[in-house]
There are 2 protein chains.
Amino acid sequence: MTRTHEDVSRLPEGKPADEGQAYTRETGAVAVAQALELLGGRWKLEILFQLFGGRVRRFSDLERAIPAVSQKMLAQQLRQLERDGLVHRVVHPQVPPRVDYALTEWGQALCPVLDALLRWQAGRKVER
Amino acid sequence: MTRTHEDVSRLPEGKPADEGQAYTRETGAVAVAQALELLGGRWKLEILFQLFGGRVRRFSDLERAIPAVSQKMLAQQLRQLERDGLVHRVVHPQVPPRVDYALTEWGQALCPVLDALLRWQAGRKVER
DNA sequence: CTGAATCCCGGCGGATACTG
DNA sequence: CAGTATCCGCCGGGATTCAG
């Protein structure tokens, strides 16, 4: 069925046993695709990177840090990140209003993954 | 060569100190975004998963394995994967024609990265 | 069998203006 | 300050047809 070389289907550890089901090639692709969808937005990665390291940023901080993004998109992407559980949103009932954004634990856990992606991409040159 | 950070959150905020230095927060986001673009196509992951483990597949194999994809998209995504250096394309000058697709070494190296992404996504359950 | 070419459509994302 | 509301262009991607 599966010829496991360094196959993704072989998950070394850490997957829930209650399902009793490892990822097949198809569900694996689907699962990764779902994960990628969470990151698919045009600005999500830039936002995430701004938030990495437990940094808490305000809306205007993000606007300043990512000048090319419009308010609409920034708000939209933040909402989606919040809905998807990567970002935590804290509203301070003040005048003027103030909203803080921070990564959830799960969002923080994405950090080493993106780092791995970074290292993978860096190895592009050596192609035969 | 690349300094292997365990944590992207430790990246410096300013510019890199020297040339061979690793990523800043900004260039890191850009680099990851570039990497994600390579995988961004609607069907690329499914194709990649079909190819993982050094499996060589023909065009018609992939069509059968991914029934939902149209010929156009399959061809398009394969071309892009080839152009981006993830997939190797071998044309056999025969009648009827036959084309084999396989991962490049670099493409294979993506496998553990997607695996990490898979494990990250699996840990979504508990959020506080 | 393996594509390229063409037509078509929904939605992402940009620009701008308005609000509490 | 931190967002909504609205309009709109572009392009990713589906269906179908043609070609080597």
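In what follows, the accompanying structure is described. The shown structure was predicted, so the numbers you read here are calculated from the model rather than taken from an experiment.

## Some thoughts on the packing of helix α1 (residues 25-38) of chain A against helix α2 (residues 44-51) of chain B
- Direction vectors running N to C along α1(A) and α2(B) enclose 145 degrees, while the axes themselves pass 9 Å from each other. Handedness of the crossing formed by α1(A) with α2(B): right-handed. Between α1(A) and α2(B), the residues in contact are Arg25(A), Glu26(A), Gly28(A), Ala29(A), Val32(A), Ala33(A) and Leu36(A) and Leu45(B), Glu46(B), Phe49(B) and Gln50(B), respectively.
- Here the contact of α1(A) with α2(B) is built from residues that sort into six nonpolar, two polar and three charged.

## Thoughts on the protein's contact with DNA strand C
- Among the 19 residues in the neighbourhood of DNA strand C, the closest are listed as Lys72(A), Met73(A), Arg79(B), Arg89(B) and Tyr101(B).
- At 3.2 Å, a side-chain N or O of Gln71(B) approaches a base nitrogen of DNA strand C.
- Where the surface near DNA strand C is concerned, the elements lending two or more residues are α4 (71-83) of chain A together with α3 (59-65), α4 (71-83) and β3 (98-103) of chain B.
- Ranked by residue count, the leading element in the surface near DNA strand C is α4(B), at four residues.

## Section: the pairing of β3(B)
Residues and elements named next belong to chain B.
- By the criterion of burial, β3 is predominantly enclosed, with five of the six residues buried.
- Relative to β3, strand β1 (residues 57-58) runs antiparallel, the two sharing two bridges. Bridging from a neighbouring strand, Arg 58 pairs with Asp 100 of β3.
- Bridge count for strand β2 (residues 87-92) against β3 is six bridges, and the pairing is antiparallel. Of the residues in β3, the one forming a bridge with Val 90 is Asp 100.
- In this structure, the hairpin formed by β2 and β3 is closed by a connection of five residues.

## Concerning the protein's contact with DNA strand D
- Looking at DNA strand D, there are 19 residues lining it, with Gln71(A), Arg89(A), Tyr101(A), Lys72(B) and Met73(B) nearest.
- Atoms of DNA strand D within 4 Å of the protein belong to the sugar or the phosphate in 58% of instances, the rest to bases.
- Those elements that place two or more of their residues in the surface near DNA strand D are α3 (59-65), α4 and β3 (98-103) of chain A together with α4 of chain B.
- The element that contributes the greatest number of residues to the surface near DNA strand D is α4(A), accounting for four residues.

Cut-off values and rules
- Residues numbered from 1 in each chain as written.
- Chains lettered and ligands numbered in written order.
- Predicted model: local features only at pLDDT ≥ 70, side-chain atom pairs only at ≥ 80, totals over all residues.
- Heavy atoms only, no water.
- Axes fitted to C-alpha atoms, helices over the stretch in contact; angles between N-to-C directions.
- Helix = DSSP H or I, 4+ residues; strand = E, 2+ residues; numbered from the N terminus.
- Left-handed = near helix turned anticlockwise from the far one by under 90°.
- Contact = heavy atoms within 4.5 Å.
- Nonpolar A, V, L, I, M, F, W, Y, C, P; charged D, E, K, R; others polar.
- Near = heavy atom within 4 Å.
- Polar contact = N/O pair within 3.5 Å; in protein donor to acceptor, adjacent residues only side chain to side chain.
- Buried < 20%, exposed > 50% of the residue type's maximum accessible area, 1.4 Å probe, protein only.
- Pairing = 2+ DSSP bridges.

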